[in-house]
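A look at the structure
As a plain string of letters, each chain reads:
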Amino acid sequence: MNNKRRFKTRIGKKEYTLIGAASDQHMRAVAKILNDDLTKLQSQSQNLSEEDAAILLAFNAISEQLDKQLELDQLRTKLQHDDPDESDTTR
């Protein structure tokens, strides 16, 4: 079953139609955080182009994602050591 939906939003000064399985509430929350971060970044560096700001935001998001994945992996390893009989680590 194809549960992908279209979601229209404005990011910065441009309208986008995004396609995904997330709820409208999730997409609105992501767009709000993105716009808030974009506004903050541009106010801190007014000579920054929208493209450069978008690249920096993407870099920061991926960096944070990697940090969270490392934290999750460490917690899973700790749980396995605390309970060696636990075989399902995909939770």
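The protein appears in an unreviewed UniProt entry as Cell division protein ZapA from Fructilactobacillus carniphilus.

Residues that lie three or four places apart on an α-helix share one face, since the helix turns once every 3.6 residues. In this model, helix H1 (residues 24-44) (21 residues) spans 30 Å end to end at C-alpha, consistent with the 30 Å of a helix rising 1.5 Å per residue. Along H1, the residues that are buried comprise Met-27, Ala-31, Leu-38 and Leu-41. The arc that holds every buried residue of H1, seen down its axis, measures 100°, which confines them to one face. In this structure, H1 carries Gln-25, Lys-32, Ile-33, Thr-39, Lys-40 and Gln-44 as exposed residues pointing more than 90 degrees from its buried face.

Another point: the packing of H1 against helix H2 (residues 50-82). Viewed as axis vectors pointing N to C, H1 and H2 meet at an angle of 120°, and their least axial separation amounts to 10 Å. As far as their axial angle goes, H2 and H1 are oblique. Taken as a pair, H1 and H2 cross one another with a handedness that is right-handed. Residues Leu-34, Asp-37, Leu-38, Leu-41 and Gln-42 of H1 form the contact with H2, whose own contacting residues are Glu-50, Ala-53, Leu-56 and Leu-57. In terms of residue class, the contact of H1 with H2 is built from six nonpolar, one polar and two charged.

To continue, consider the pattern of salt bridges. Under the counting rule described, the total for this entry stands at five salt bridges. Asp-24 serves as the salt-bridge partner of Arg-5, at 3.0 Å between the closest nitrogen and oxygen. With Arg-5 in strand E1 (residues 5-11) and Asp-24 in helix H1, this residue pair connects regions lying 19 residues apart in the sequence. Given the relative accessible area of 40%, Arg-5 is considered partly exposed.

Criteria and thresholds
Residues numbered from 1 in each chain as written. Predicted model: local features only at pLDDT ≥ 70, side-chain atom pairs only at ≥ 80, totals over all residues. Heavy atoms only, no water. Helix = DSSP H or I, 4+ residues; strand = E, 2+ residues; numbered from the N terminus. Expected span 1.5 Å × (residues − 1). Buried < 20%, exposed > 50% of the residue type's maximum accessible area, 1.4 Å probe, protein only. Arc of directions from axis to C-beta. Axes fitted to C-alpha atoms, helices over the stretch in contact; angles between N-to-C directions. Parallel < 35°, antiparallel > 145°, perpendicular 65-115°, else oblique. Left-handed = near helix turned anticlockwise from the far one by under 90°. Contact = heavy atoms within 4.5 Å. Nonpolar A, V, L, I, M, F, W, Y, C, P; charged D, E, K, R; others polar. Salt bridge = Lys/Arg side-chain N within 4 Å of Asp/Glu carboxyl O.

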